[in-house]
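# Working through the structure, step by step
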Amino acid sequence: MFELMKKILSALLLLWFVPAATFVAKAQNFEDVYQLFQESKILNDHFVGFSLYDLNANKYVMDINGNKHFTPASNTKMYTTYAALALLGDSIPGLEYVERGDSLLIWGTGDPTFLHNRLDTRVVYNFLKNTNKRIFVVPGTMKNKFFAHGWAMEDFEAYYQPEISTFPIYGNVVTFRQKGYNYLSTSPASFQNSLNFLPEPKVGDFELSRSFRTNSFWMSKRPVPSGYVNEVPFIYSDSLFIKLLSDSLGKSVTLLSYQKPSNTKILYSGSTKNLIREMMLPSDNFIAEQFLMMCSWKQFGQFDTYLVRDWMKNNVYKYFSAEVAIFDGSGLSSYNKVTPQNNVDLLVVLKNKLPDEKERFRLFPAGGVDGTLKRTYSKDLGEPFVFAKTGSITSVYNQSGYLITRTGRRLAFSFMNNNYIDDRASAIRKEMAKIITYIRQTY
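Residues numbered from 1 in each chain as written. Predicted model: local features only at pLDDT ≥ 70, side-chain atom pairs only at ≥ 80, totals over all residues. Heavy atoms only, no water.

In the nomenclature of an unreviewed UniProt entry, the chain is known as Peptidase S13 of Sphingobacterium siyangense.

### Some details on the overall build of the chain
Secondary structure assignment for the chain yields 12 helices and 16 strands. Relative to the compact-globule value of 22 Å for 443 residues, the chain shows a C-alpha radius of gyration of 24 Å, a close match. Structurally, the chain occupies a C-alpha span of about 90 × 60 × 40 Å along its principal axes. Each of the 443 residues in the chain was classed as buried or not, and the buried ones make up 54%. Considering only residue pairs separated by 6 or more positions, the chain has 66% of its internal contacts joining residues 24 or more positions apart. (Helix = DSSP H or I, 4+ residues; strand = E, 2+ residues; numbered from the N terminus. Rg over C-alpha atoms; globule rule 2.2 N^0.38 Å. Buried < 20%, exposed > 50% of the residue type's maximum accessible area, 1.4 Å probe, protein only. Contact = heavy atoms within 4.5 Å.)

### A closer look at the side chain of Thr 376
Looking at where Thr 376 falls in the secondary structure, it is placed in the loop between α11 (357–361) and β14 (386–393). With residues up to four places along the chain from it excluded, the contact list for Thr 376 reads Tyr 397, Gln 399, Arg 429 and Ala 433.

### Brief notes about the sheet that holds β14
Taken in spatial order, the five strands line up as β2-β1-β16-β15-β14 in an open sheet, and their pairing is antiparallel. Only two strands of the sheet have a single neighbouring strand rather than two, namely β2 (59–64) and β14. On average, each strand axis in the sheet is inclined to that of its neighbour by 10°, with strand direction left out of account. In terms of strand pairing, strand β1 (residues 47–54) meets β2 through five bridges, oriented antiparallel. Paired with Ser 51 across the two strands is Asp 63, which belongs to β2. The sheet strands contacting helix α3 (residues 31–39) are β1, β2 and β16 (410–418), and the helix crosses β2 at an angle near 20°. (Pairing = 2+ DSSP bridges. Axes fitted to C-alpha atoms, helices over the stretch in contact; angles between N-to-C directions.)

### Overview of the packing of aromatic side chains
Using the criterion set out here, one finds 25 aromatic pairs in the structure. Here the aromatic residues Phe 114, Phe 167, Tyr 236 and Phe 241 are joined through ring pairs into a cluster of three or more. The ring of Tyr 125 has Arg 122 sitting right over it, with the charged end atom 4.2 Å from the ring centre. Against the face of Tyr 402 rests Arg 360, its NZ or CZ located 4.7 Å from the ring centre. (Phe/Tyr/Trp six-rings, centres within 6.5 Å; stacked < 30°, edge-to-face > 60°. Lys NZ or Arg CZ within 6 Å of the ring centre and 35° of its normal.)

### A few points about the packing of α3 against helix α12 (residues 425–442)
Helix-helix packing is characterised by the crossing angle of the two axes and by the distance between the axes. The N-to-C vectors of α3 and α12 enclose an angle of 165°; their axes lie 11 Å apart at closest approach. The orientation of α3 with respect to α12, classified from their angle, is roughly antiparallel. Here α3 runs over α12; the crossing is right-handed. Of the residues in α12, those in contact with Asp 32, Val 33, Leu 36 and Phe 37 of α3 are Ile 435, Tyr 438, Ile 439 and Thr 442. (Parallel < 35°, antiparallel > 145°, perpendicular 65-115°, else oblique. Left-handed = near helix turned anticlockwise from the far one by under 90°.)

### Digging into the sheet that holds strand β8 (residues 195–197)
Ordered by their spatial adjacency, three strands build an open sheet running β8-β10-β9, and the pairing between neighbours is mixed. The sheet terminates laterally at β8 and β9 (208–210), the two strands that pair on one side only. Looking at each pair of strands side by side, their axes are set apart by 30° on average, direction ignored. Of the strand pairs in this sheet, β8 and strand β10 (residues 217–219) are connected by three bridges, and their pairing is parallel. When the sheet's bridge partners are listed, Leu 195 is paired in β10 with Phe 217.

### As for the domain arrangement of the chain
Annotation of the chain at the domain level lists domain 1 (30–86 + 281–442) and domain 2 (173–235). The distance between the C-alpha centroids of domain 1 and domain 2 comes to 36 Å. (Domains from an automatic or database assignment.)

### Some points on the nonpolar core
Counting residues in each nonpolar core, the largest one holds 48 residues, and the members touching the most others are Tyr 79, Ile 276, Phe 291, Tyr 317, Phe 320, Phe 364 and Tyr 402. If you tally residues by element for this core, the top one is helix α4 (residues 76–87), at seven residues. The next biggest cluster of nonpolar side chains, apart from the first, holds 36 residues, and it includes Phe 167, Ile 169, Met 219 and Tyr 236. (Core = buried A, V, L, I, M, F, W, Y, C linked by side-chain atoms within 4.5 Å.)

### Quick word on empty space enclosed by the protein
Evaluation of the coordinates by the stated rule reveals two cavities of 30 Å³ or more. What the largest cavity holds in volume is close to 70 Å³. Around the largest cavity, the lining residues are Thr 76, Tyr 79, Thr 80, Ala 83, Leu 292, Val 308, Arg 309, Met 312, Tyr 317, Ile 326 and Asp 328. Of all the secondary structure elements, the ones that give two or more residues to the lining of the largest cavity are α4 and α9 (305–315). In terms of residue count, α4 provides more of the lining of the largest cavity than any other element does, four residues in total. Residues of the lining of the largest cavity, tallied by class, amount to seven nonpolar, two polar and two charged. Its volume calculated, the second largest cavity comes out at about 60 Å³. (1 Å grid on protein atoms, 1.4 Å probe; cavity = no way out; pocket = protein on both sides within 12 Å on 5 of 7 lines; lining within 4 Å. Points joined across faces, edges and corners; volume = space filled by probe spheres on them. Nonpolar A, V, L, I, M, F, W, Y, C, P; charged D, E, K, R; others polar.)

Shown next as structure tokens:
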């Protein structure tokens, strides 16, 4: 009798955890995976969603809270990826320009790579450096704010939250590097005079900060750690851009108000897919936001990223299983809300956009190989089997992407975790990897 009661109780618990919509999926022999979710202590103390979709059979094989909305964090970058692929074409527009006699007039396109310390291709820089014409910069009008809706203002000096702009330069950050016992060098070099010691000696670890309203930077009177490197966003302005560009080129650059003619030319700076990869693997927020700026400039001739979001809503999201609410390109916004099924919908759309699996997987971190999943998974049978985008902010950790099983099944999945105590993120990540690896080895 006791064993019978245990079986009944177990069945009732399973009924409570798994939504009614998943019973069709259970017929596909994934009962053991449902059991892993049911028995997981760490996954039962917060809000969890999991959708698993067979790309060959075009149907869901598992679904747990798949129609509920979650905060996606950097899973948002998958949506930005599709917008970039659909609206930008193969190449990144680096500069818009026109020549007038001995003058070169230039407009920004939102390209985040110009003089970026890791991404700059030097195409735009060499073009401007080598011209013998006088350079005039015509400032762009941005309808967006320098921060997107839902961003945390207290993160204004965090490396992962540079300001959005129409003509980025140096990634819109100052890079500080340790060059001595208590010395930091700056790049751009012109910020060196803006770095000062805090008025009073500080106890504890070395600190670097920026004033909220000005480009004044402060370091504590503590030894600079060996090898210290930090990127701190600066407050962007057209006048600052002119100064930085003039210093970089070693020639005079002038700000000019000028009506854009219809015969401007475009100088392309690099590959769209290469820049998407640079965004996706380390989860670069600045590139993500500037992608939307470039999409807006290319598609609508203006810097208004809400036009891009409306375009996505009218041309992509209207076919999805639930409403999509996205307010930025990176996932920093706490206002963003999507469902696991939305993420799967997007993964299917990306598959249709890039049917070449190798080309598509290259845009995602590969488990056990690179990006944000390098240490989360190990290779199986000597090869990666998970190609997915992570998403993490406080009390949020998600993975959404593609999974290849040992039998060769191609699956799309979205595994979302919200509303947990933040120090449990590591344990949640390990539990997710255990379940995804089990699916890989079992199915």
